[in-house]
Structures are given as C-alpha cells and as structure tokens.
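Architecture at a glance
Here is how the chains run, residue by residue.
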Amino acid sequence: MVTYNVHDLVFFSDVTDLTYAGSCPDWVATAVMRAPVGVIRRGQAPAGMLPIGIRGSNKSQRFGAYLPVTAVTDHLTSQEIRHFGRSNRQDKMLPIWQALDQINPYLDTHQYDWGLSGSAAYELVTGIPTVNQNSDLDFIAFNQEQLTPPKAQHLLDWLNSFGPHADVQIMRGQAGFSLEDYCYHHGQGVLVKSLQGPYLSADPWNE
Amino acid sequence: MEKLTFEFKNSQKVTKAVHVGVVASGDLEVLVYPTDKQVTSLEITTGSDGFKEVWGNVLQRFFDRYPLLADFKINDFGATPGVVNLRLTQAMEALKDEE
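Residues numbered from 1 in each chain as written. Chains lettered and ligands numbered in written order. Predicted model: local features only at pLDDT ≥ 70, side-chain atom pairs only at ≥ 80, totals over all residues. Heavy atoms only, no water.

Further remarks concern the interface of chain A and chain B. Tallying the contact residues gives 16 residues for chain A and 17 residues for chain B. Regarding the contact of chain A and chain B, the summed buried area is about 1,300 Å², with carbon and sulfur atoms giving 58% of it. When the buried area of chain A at its contact with chain B is split by residue, S60, L191 and L200 of chain A rank highest and sum to 31% of it. Joining chain A to chain B, the criterion identifies 1 salt bridge. Residues R87 of chain B and D181 of chain A are paired through a salt bridge, measuring 2.7 Å at the closest nitrogen-oxygen approach. (Contact = heavy atoms within 4.5 Å. Buried area = accessible area lost by both parts, 1.4 Å probe. Salt bridge = Lys/Arg side-chain N within 4 Å of Asp/Glu carboxyl O.)

What follows is the structure, given as structure tokens:
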C-alpha cells in the first residue's frame, strides 16, 4: 500500500479529476493543463481522496482540492524530489540551486531522511520556472532525531550560510513544526501544524 | 507581494516589544511595539495577495477579545487564518508574561 505524506507531489490526468468545495478559479484549469500535479496538503479528506494543493503561476495562486487516490498516475515523495536531476532547472545560476548542490551531499553522507518541497521542488519536477532570487529552500525532515536547541541552531546556521533562507520542517507523523521556531521559541510555544489544525507546544519533538 | 495596513481603536496599552513566529512557509512573524498614538496600527506584508477582507475579519475578532494598543508589524508567508490567530494569541500571552 502506498503511503502519501504531506508535501509529496501527485500527478493526475486533468482538471476533471479534481473535487472541490465551492467554485474553482479560472487559473486552476490553466495551471493543471500546464502541469497536472498537486502537492499533498495537511488536512482531512473524504474517504478515498487526497487533500491536494494546486499552484498557479504566481505566489498568491493556491487552490485546495481533493483528488481520488484512483486518479493518481504518478507519485513522488519529497525525498525523491530532493534527489531529482538538474535538467528541469530553468535558471541554473540562481543561488537556490547552488545552495541545494552544496547541502545535498552533506545530508546524504550523514543519512538525513530529508525531502524538498516548495517552489524548488515544483520547478525540479515540472520544469516550469518557479524559483527566483528570493526563493526559500524548503526542507522536510523525516525521522529526524531530536536536536538540542544549540545543535538545532548550529545546523540551521549552516543551512543558511549559502545565501537563500533555509526552512526546515520537522515531521512527527503527519504533523510538523519549524526548526527555526524551535530554535527561537523552545520552552515557550512552538507552532505544530497537525491534521486537526495548528497548536502551540512547549515540546514539539515529543507530541 | 502585497502590503496591507489596518487601524483599530484599542485601549489596552502595551509596554514592551515582543516578537513571535518565524519566517517559514505557512507561518508568519508578529512584531509588537509600544506606541504613543491613540490607535493600533498594523502593517502587514504578505506573499498571498487578495486576502485583505480575511485579514480584516481575523484581526477584528482578535481585537474584540484583546484590544491591544500597539504598533504591529506582520510578515506573512501564506499562513492560514488559524495560524494567524494562534500567533496573535501567542504574542498577547508573551506580553502578559513580561508584565
């Protein structure tokens, strides 16, 4: 049985595969025609459906829909996407790609079970120009052993030393929290995004 | 990228600056500063355009409960209203802790 994780990408055939509440903005059909792909969202979905997000050509264009599992034609985990080849990179000189090329060997050598999401993941997979000079590098950390705040800070400083802002989401089951939030606000309240909704936790590693 | 501004007539003076939240997808930073003005002003920078009305509703609901008089700067990275509300409440709690 296939396991779908939040931030994985799923491919389907066309816009008629999608189910949604309310109305569908015009740009969705165009986006799906260009790349019939959605990112698995965190959220509840009807039985047999996956909650997915469709990305439009600009940052404010995001649309939440449901996709029947039976309509999935291909599935890429965020870990697979982190290892995706370079051929789809549109502007190969952008700092985000240079940063990724320096970070990836370290993660692999040390066997970090990390994935890639966000705009970089979308461009790597679709070849549609999505990242720019200001794009963040969004990592998704699975099976990450608990880090003390100084160790977390050290790791985050290193990840951020290549230019682009690096965002690491630590996964605990289908819930996740930001490593940066943990560094700054451990002991106070770290935002945990769970399937049931967001909440604050003093000890997000052990929820 | 869109810049939104709001003003609210609030009464509860804030005496310290606080910072909650982070720069991360689906999250936001909330910075609260004491003010000498008689109104609460908010400057919101958001990557998600076209949500002014949603922001207005979330803020109105929050300030109805906690009429904080302060200058707010918010940097939003596509947070849902639930996350916005949680971060605002966290800022309010942080202000209480420091009194």
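That was the structure; now back to the text.
Here the focus is the pairing of strand 3 (residues 18-21) of chain B. Walk down a regular strand and you will see the side chains alternate between the two sheet faces. Residues and elements named next belong to chain B. In the sheet, strand 3 pairs with strand 4 (residues 28-33) via 4 bridges, with the strands oriented antiparallel. If you follow G21 over to strand 4, its bridge partner there is E29. The antiparallel hairpin formed by strand 3 and strand 4 contains 6 residues in its connecting segment, where G26 sits at a positive phi of about 75 degrees. (Pairing = 2+ DSSP bridges. Helix = DSSP H or I, 4+ residues; strand = E, 2+ residues; numbered from the N terminus.)

What follows is about the UniProt feature "domain: Phosphoribosyl-dephospho-CoA transferase MdcG C-terminal" (unreviewed entry) in chain A. UniProt marks residues 93-203 of chain A with the feature "domain: Phosphoribosyl-dephospho-CoA transferase MdcG C-terminal" (unreviewed entry), using the numbering shown here. Between the end C-alpha atoms of residues 93-203 of chain A there is a gap of 40 Å, over a span that is 38% helix and 29% strand. (UniProt positions renumbered as here; feature names shortened; annotations may be inferred.)

Let's shift gears to the sheet that holds strand 5 (residues 74-76) of chain A. Residue and element names in this part refer to chain A. Reading across the sheet, the 5 strands line up as 4-3-2-1-5 and stay open at both edges, with antiparallel pairing between neighbours. At either margin of the open sheet sits one strand with a lone partner, and together these are strand 4 (62-68) and strand 5. Pairwise comparison of adjacent strand axes, ignoring direction, gives a mean angle of 35 degrees for this sheet. Two elements, strand 1 (residues 9-11) and strand 2 (residues 37-40), share 3 bridges in a ladder whose sense is antiparallel. Within strand 2, the position partnered with F11 by the bridge is V37. In this fold helix 1 (residues 26-34) packs onto strand 3 (49-55) and strand 4, with an angle of close to 95 degrees to the strand it touches most, strand 3. (Axes fitted to C-alpha atoms, helices over the stretch in contact; angles between N-to-C directions.)

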